Amino acid sequence: MRSIDNFTFQGAPSRGLSFELLFSALNASVSGIIITDNQQPDNPIIYCNEAFEKISGYTRSEIIGHNCRFLQGKDRAQKARQLIAEAVKNEETCRVEIRNYRKNGDLFWNELFMAPVKDKGGSVTHFIGVQNDITLRKKAELELIEQKAVMEEQVKERTAKLRESEAFLSSIIQTVRESLLVLDPDFKVISANDHFFKTFKVNSQETLGKLLYDLGNGQWNIEKLKELLVKILPTNNPVLDFEVEHEFPHIGKKLMLLNAYRIELEGQYKDRILIAIEDITERREIERRKDDFLSIASHELKTPLTSIKGFMQMLKRLQPSGLPEQYHAIFEKVNLSIDRLNGLITDLLDVSRIQSGNIEIHKDTFNFDKMVMDAVDQMQSLSSSHKIICTGSTGVMVTADEQQLVQVLNNLLANAIKYSPHSSEIFVHISKVSDYVKVSVRDTGVGINLEDQQRVFQRFFRGAEFQKKFAGMGIGLYVCEQIIKNHNGTIWLESEKNHGSTFNFTIPIEP
Ligand code: ADP
């Protein structure tokens, strides 16, 4: 057992414990413990426990008699050493974290608690030092500090980048030729671009911080628009192409197209609404004039064409006998061309009628299957290149505009033939589905790419790839869709490029 050397306690140990027991306790401690004799010169260590030997790497014989400073080696300029010196001088306790060095030179962080031991007269006789190796904790702390520094650096970089992108964004926003507003979740205007101020002839005081619905003379205070805007943040569903026609202050009656989206800029803000407003008054006016022109032009063309057709019939009736065969052939060709021209003009007239909402439906009850078969037969008689194969039946009488449905079928069949120049078959299938009749027209032709599939029903749309190869005006499918819509039905397509297309439509049996 470790002896207490020259160390003598003043008085007996308290609570009836023997010295041996107390020193075994000191040796069992995982903390390094030393005792120094304050009454001897240079305050030498007179006791150390086994844990201290383990922590420091020195043996007892290398420790006893030394002043504690040997543990700091050459690392003398530590603040902790000053604190210890002051505590010794003032005869006080102290707690420091100090860099010490093991016998092999390795640094270890020592958490040292030091307390003076006084005799009966109150003079300090010894100091007791309790030490814990906190190298690991210290290492973790240092790593944390380093990590924090790295993170702070990253945050700085990121913030700088965000600022840059914000500046970049705002320069874009200022230059776009659309009016833009950014709203907070309460629909208050946070920012507006120059184009907005110019278009609406307002300034920032009248705009920023104001509720969207209070701007101007309440032009955006529209129930339907409010309902849509309220849904943007929770659902992320944008408001698309909302038209507002209004007598605006300063700028008069205008037609505005409004689109609104939720925007987020990571780390900066969440849940803002971007509103883009486009003045489409002029564009709509040009469209209207174009439609008017189309309507007038097709009417004007139709009248002389009807006369030409009439004169041709008259000529046929009055033709003298014995004319050469060539004459008849030319006569037929002229007639065919007149019919073709007539068809084109009728299509154009249809478009302008649809545009102006003047297309009328004349409903009748008729045998649906027969109507389809007749239309197919008619088309078959005109086409020698393709065989139209018709399957299925509905067996029902339908109440609808028969003429218009024939027109839909003609358009679909004509397209199927036109856009499948290298195949020889077209398939038509009719069926009754619940209280609807359904028609599918399938070809194995050029097919339609995915992007164009969304647009084929638009007025004047023509697939770019085949514009030059196939004649047409991009009207047929637009007219088909309008007719089917007017019958409360739906028209849609399935198509794969280079493999063909199937156009389907349904209409209710009873209107
Ligand atoms: P048009 O045939 O006069 O161009 P449509 O309105 O009938 O006008 O058709 C619009 C476009 O849709 C066509 O230009 C073509 O690109 C595409 N399309 C229509 N039907 C078919 C089909 N059966 N196969 C492939 N493409 C088609």
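Residues numbered from 1 in each chain as written. Predicted model: local features only at pLDDT ≥ 70, side-chain atom pairs only at ≥ 80, totals over all residues. Heavy atoms only, no water.

### Re the overall build of the chain
For clarity, the threshold we go by: Secondary structure is summarised from DSSP: a helix means a run of H or I of at least four residues, a strand means a run of E of at least two, and numbering begins at the N terminus for each. It is over C-alpha atoms that the radius of gyration is taken, and the globule rule equals 2.2 Å times the number of residues to the power 0.38. Contact between two residues is taken to exist if any of their heavy atoms lie within 4.5 Å; hydrogens are not considered.
In terms of regular secondary structure, the chain is built from 14 helices and 17 strands. Here the chain has a C-alpha radius of gyration of 48 Å; the compact-globule value for 511 residues is 24 Å, and the former is much larger. Sequence separation of 24 or more characterises 55% of the internal contacts of the chain that already satisfy a separation of 6 or more.

### Looking at the environment of Leu-349
Which entries qualify depends on this criterion: Relative accessibility decides the category of a residue: with a 1.4 Å probe and only protein chains considered, values under 20% of the type maximum give buried, values over 50% give exposed, and everything between is partly exposed.
Examined against the element boundaries, Leu-349 turns out to sit in helix α10 (residues 325–355). According to the relative accessible area criterion, Leu-349 is buried, its value standing at 5%. Among residues more than four places away in sequence, those in contact with Leu-349 are Ser-295, Ser-298, His-299 and Lys-302.

### Structural notes on unusual backbone geometry
Excluding glycine, most residues fall at negative phi; most peptide bonds, likewise, are trans. Phi is positive for Glu-91, close to 55°, though the residue is something other than glycine. By the element assignment, Glu-91 lies in the loop between α4 (79–90) and β3 (94–101). Phi at Phe-187 is positive, roughly 70°, even though this residue is not glycine. For Phe-187, the position within the fold is in the loop between β6 (179–183) and β7 (189–192). Judged by its relative accessible area of 13%, Phe-187 is buried.

### Overview of the sheet that holds strand β4 (residues 107–118)
For clarity, the threshold we go by: Whether two strands pair comes down to DSSP finding at least two bridges between them. Interaxial angles span 0 to 180 degrees and are taken between N-to-C directions of axes, which are lines fitted to C-alpha atoms, for helices over the stretch in contact.
With respect to topology, five strands assemble into an open sheet ordered β2-β1-β5-β4-β3, the strand pairing being antiparallel. Among the strands making up the open sheet, the edge pair consists of β2 (45–48) and β3. Averaged over all pairs of adjacent strands, the angle between their axes in this sheet comes to 30°, without regard to strand direction. Across six bridges, the pairing between strand β1 (residues 32–37) and strand β5 (residues 124–133) is antiparallel. What sits directly across from Asp-37, in β5, is His-126. In the packing of α4 onto the sheet, the strands contacted are β3, β4 and β5, and the crossing angle to β3 comes to about 135°.

### As for a nonpolar patch on the surface
This is how the line gets drawn: Residues forming no salt bridge and having over 30% relative accessible area are the ones grouped into patches, like charges within 9 Å of each other and nonpolar side chains (Val, Leu, Ile, Met, Phe, Trp, Tyr) within 5 Å. Here, Shrake-Rupley sampling with a 1.4 Å probe gives the accessible areas, and only protein chains in the shown set may cover a residue. Salt bridge, as used here: a side-chain nitrogen of Lys or Arg that lies within 4 Å of a carboxyl oxygen of Asp or Glu.
A surface patch of nonpolar side chains, amounting to about 240 Å² of accessible area, comprises Leu-17, Leu-21 and Leu-22. Residue class for Leu-17 comes out partly exposed when judged on its relative accessible area of 38%.

### Examining the site of the ligand
Formally: Residues are counted as near a molecule or strand when any one of their heavy atoms sits within 4 Å of it. Identification of polar contacts relies on pairs of N or O atoms within 3.5 Å, with a donor-acceptor requirement for protein atoms, meaning one able to donate a hydrogen and the other able to accept it, and with residues adjacent in sequence counted only if both atoms are side-chain atoms. The residue classification treats Ala, Val, Leu, Ile, Met, Phe, Trp, Tyr, Cys and Pro as nonpolar and Asp, Glu, Lys and Arg as charged. All others, Gly included, are polar.
Near the ligand lie 19 residues; those nearest to it are Asn-415, Tyr-419, Asp-443, Arg-462 and Leu-477. In the environment of the ligand, an oxygen atom lies 3.0 Å from a nitrogen or oxygen atom belonging to the backbone of Met-473. Burial of the ligand by the protein chains amounts to 96% of its free accessible area of 530 Å². Elements with a minimum of two residues in the shell around the ligand: α12 (402–418), α14 (476–486) and β17 (500–508). For the shell around the ligand, a count of residues per class yields nine nonpolar, seven polar and three charged.

### Considering α12
Selection rule: Given the number of residues in a helix, its expected span is that number minus one, multiplied by 1.5 Å.
Taking 1.5 Å per residue, 17 residues should reach 24 Å; α12 reaches 24 Å between its end C-alpha atoms and fits that length. Along α12, the residues classified as buried are Gln-404, Leu-405, Val-406, Val-408, Leu-409, Asn-411, Leu-412, Leu-413, Asn-415, Ala-416 and Ile-417.

### Digging into the sheet that holds strand β15 (residues 436–443)
Read across the sheet, five strands follow the order β12-β14-β15-β17-β16 without closing on themselves; strand pairing throughout is mixed. Two strands close off the open sheet at either side, each with one partner strand: β12 (387–391) and β16 (490–496). Averaged over all neighbouring strand pairs, the angle between strand axes comes to 15°, with direction disregarded. Judged from the seven bridges that link them, β15 and β17 form a sheet pairing that is antiparallel. Each residue of the ladder has a partner; that of Val-439, found in β17, is Phe-505.

### A closer look at the domain arrangement of the chain
Selection criterion: Each domain's extent is set by a domain assignment, obtained either automatically or from a database. By buried area we mean the combined loss of accessible area, with a 1.4 Å probe, across both parts when two parts are placed together.
Assigned domains within the chain: domain 1 (19–140), domain 2 (152–279), domain 3 (284–356) and domain 4 (364–508). A straight line from the C-alpha centre of domain 3 to that of domain 4 covers 25 Å. With nine residues of domain 3 at the interface, the matching set in domain 4 holds eight residues. It is Asp-347, Val-351 and Ile-354 that lose the most area in domain 3 upon contact with domain 4, and together they represent 48% of the buried surface on that side. The partner of Asp-291 in a salt bridge is Arg-459, with the nearest N and O atoms 2.8 Å apart. Linking domain 3 with domain 4 are three residue pairs in polar contact (both at pLDDT 80 or more). Among the elements that make up the side of domain 3 that touches domain 4, the one with the highest residue count is α10 (seven residues). Residues that form the side of domain 3 that touches domain 4 fall into these classes: five nonpolar, one polar and three charged.

### Overview of the nonpolar core
Rules: Here, nonpolar core refers to any group of buried Ala, Val, Leu, Ile, Met, Phe, Trp, Tyr and Cys residues whose side-chain atoms link them within 4.5 Å.
Judged by nonpolar contacts, the single largest core of 47 residues is most densely connected at Phe-368, Val-398, Leu-405 and Phe-505. Per element, the largest residue contribution to this core is eight residues, and it comes from α12. For this core, the domains that each give at least three residues are domain 3 (284–356) and domain 4 (364–508). Look past the residues within four positions of Leu-405 in its chain and what remains in contact with it is Phe-366, Phe-368, Met-371, Ala-400, Ile-483, Ile-484, His-487 and Ile-507.

### Section: the confidence of the model for the chain
Selection rule: pLDDT is a residue-level measure of predictor confidence that goes from 0 to 100.
In this model, the chain carries a mean pLDDT of 90, and residues with pLDDT of at least 70 account for 96%. Under a pLDDT of 50 for its full length, residues 1–13 has, in the predicted model, 25 contacts with residues more than four places off or in other chains.

### As for helix α11 (residues 368–382)
Three- or four-residue spacings in an α-helix give side chains the same orientation, since the helix completes a turn every 3.6 residues. We count it as follows: Along the arc lie the directions from the helix axis toward the C-beta atoms.
Taking 1.5 Å per residue as the helical rise, α11 with its 15 residues ought to reach 21 Å, and the 22 Å between its terminal C-alpha atoms agrees with that figure. For α11, the full list of buried residues reads Phe-368, Asp-369, Met-371, Val-372, Ala-375, Val-376 and Met-379. Axial view of α11: buried residues confined to an arc of 165°, hence all on one face. Buried-residue contacts for α11 involve β11 (364–367), β12, β13 (397–400), α12, β14 (425–433) and β15.

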